[in-house]
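Architecture and fold: a report
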Amino acid sequence: MAAQAPETQHTDAPGMSRYVTQAAVPEQIGEILTLIREHGPNPWNYLPEVELAAHLSAIRRGRTQAVVALLESQIVAVVTFEPSDAFHRYQPGGREIEWQGHIGEAVVHRQHRGQGLGTQLLKAAVARLQQMGLVEIYVERHEDNEGSAGMMRNAGFVVIDVFDDPRRRDAGSRRTTVSRYRPHP
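**Some words on the packing of helix H3 (residues 117-131) against helix H4 (residues 146-154)**
Axis separation between H3 and H4 bottoms out at 8 Å; the angle between their running directions is 50°. Looking at the two axes, H3 sits oblique to H4. Once H3 is placed against H4, the crossing between them reads as right-handed. Across the interface between the two elements, Gly118, Thr119, Leu122 and Lys123 from H3 touch Met151, Met152 and Asn154 from H4. For the contact of H3 with H4, a count of residues per class yields three nonpolar, three polar and one charged.

Spelled out as structure tokens, the structure:
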């Protein structure tokens, strides 16, 4: 069965009109994986190959979803997201057993960074998770990753925890920061 064409959207943000954003389709998994492998690695990102491949293959089953930014039909940025129960310890009282939204990967091609693409895609992912009925939405990053920190802050995420994480973080402070989406008033 052929995949349904994803809904596309041209951005209205200054300097962003040349990009098109859309929901990712299974046929794009390979291109998304290539983008993440080539433009995601840095001292702050934890990208184990087996876990990354499993996370992205879940797009085919609908468990994981993604939004992408395209320039001339080439994917130049991606944000993945999914329902999760991994953040129950951060849930507000009375909501500990409720499902949460989880932002997985957020990667922008090196030549397209600093233009707000990551923030725009994070906001699109949040909107989609909210449409799915998920109230609390979480994202993690290396404590020292200032680029990701700014992108997350601009999209409405607020730091709620920082903890030692030497298994996933082998550079800098070796700590993980957890943020929760909090809409701007």
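Next comes the rest of the write-up.
**Regarding the pattern of salt bridges**
The final tally for this structure, using the stated rule, is six salt bridges. Residue Arg37 pairs with Glu49 through a salt bridge whose shortest N-O separation is 2.3 Å. With Arg37 in helix H1 (residues 29-39) and Glu49 in helix H2 (residues 49-61), this residue pair connects regions lying twelve residues apart in the sequence. Residue Arg37 is classed as partly exposed on the basis of its relative accessible area of 43%. In this structure Glu49 comes out as partly exposed when scored by relative accessible area, which is 39%. Between Asp164 and Arg175 there is a salt bridge whose closest N-O contact spans 3.1 Å. Here the residue Asp164 occupies a position in strand S7 (residues 157-164), and Arg175 occupies one in strand S8 (residues 175-181), the gap between them amounting to eleven residues. Asp164 gets classed as exposed once you look at its relative accessible area, which sits at 55%.

**Overview of the nonpolar core**
Taken as a class, soluble globular proteins show a tendency for nonpolar side chains to be buried jointly. Membership of the largest hydrophobic core comes to 24 residues, with the highest contact counts inside it found for Val79, Ile103, Leu117, Leu122, Ile137 and Phe157. Listing elements by their share of this core, those giving two or more residues are strand S3 (65-71), strand S4 (74-84), strand S5 (100-108), H3, strand S6 (137-142) and H4. Among the elements that take part in this core, H3 stands out by supplying six residues, more than any other. Once residues lying within four places of it in the same chain are set aside, the contact partners of Leu122 are Val79, Ile103, Met151, Met152 and Ala155. If you look at the next biggest cluster of nonpolar residues, it comprises 15 residues, including Ala24, Leu33, Leu52 and Leu70.

**Observations regarding the pairing of S6**
Of all the six residues making up S6, five are buried; the element is thus mostly covered by neighbouring parts of the structure. Bridge count between S5 and S6: three bridges; the pairing is parallel. The partner of His102 across the bridge, within S6, is Tyr138. Read from S5 through H3 to S6, the crossover connection turns out right-handed. Pairing analysis gives five bridges linking S6 to S8, with the strands arranged antiparallel. Paired with Tyr138 across the two strands is Arg180, which belongs to S8.

What counts and how
- Residues numbered from 1 in each chain as written.
- Predicted model: local features only at pLDDT ≥ 70, side-chain atom pairs only at ≥ 80, totals over all residues.
- Heavy atoms only, no water.
- Axes fitted to C-alpha atoms, helices over the stretch in contact; angles between N-to-C directions.
- Helix = DSSP H or I, 4+ residues; strand = E, 2+ residues; numbered from the N terminus.
- Parallel < 35°, antiparallel > 145°, perpendicular 65-115°, else oblique.
- Left-handed = near helix turned anticlockwise from the far one by under 90°.
- Contact = heavy atoms within 4.5 Å.
- Nonpolar A, V, L, I, M, F, W, Y, C, P; charged D, E, K, R; others polar.
- Salt bridge = Lys/Arg side-chain N within 4 Å of Asp/Glu carboxyl O.
- Buried < 20%, exposed > 50% of the residue type's maximum accessible area, 1.4 Å probe, protein only.
- Core = buried A, V, L, I, M, F, W, Y, C linked by side-chain atoms within 4.5 Å.
- Pairing = 2+ DSSP bridges.
- Right-handed = clockwise from strand over helix to strand, strands pointing away.

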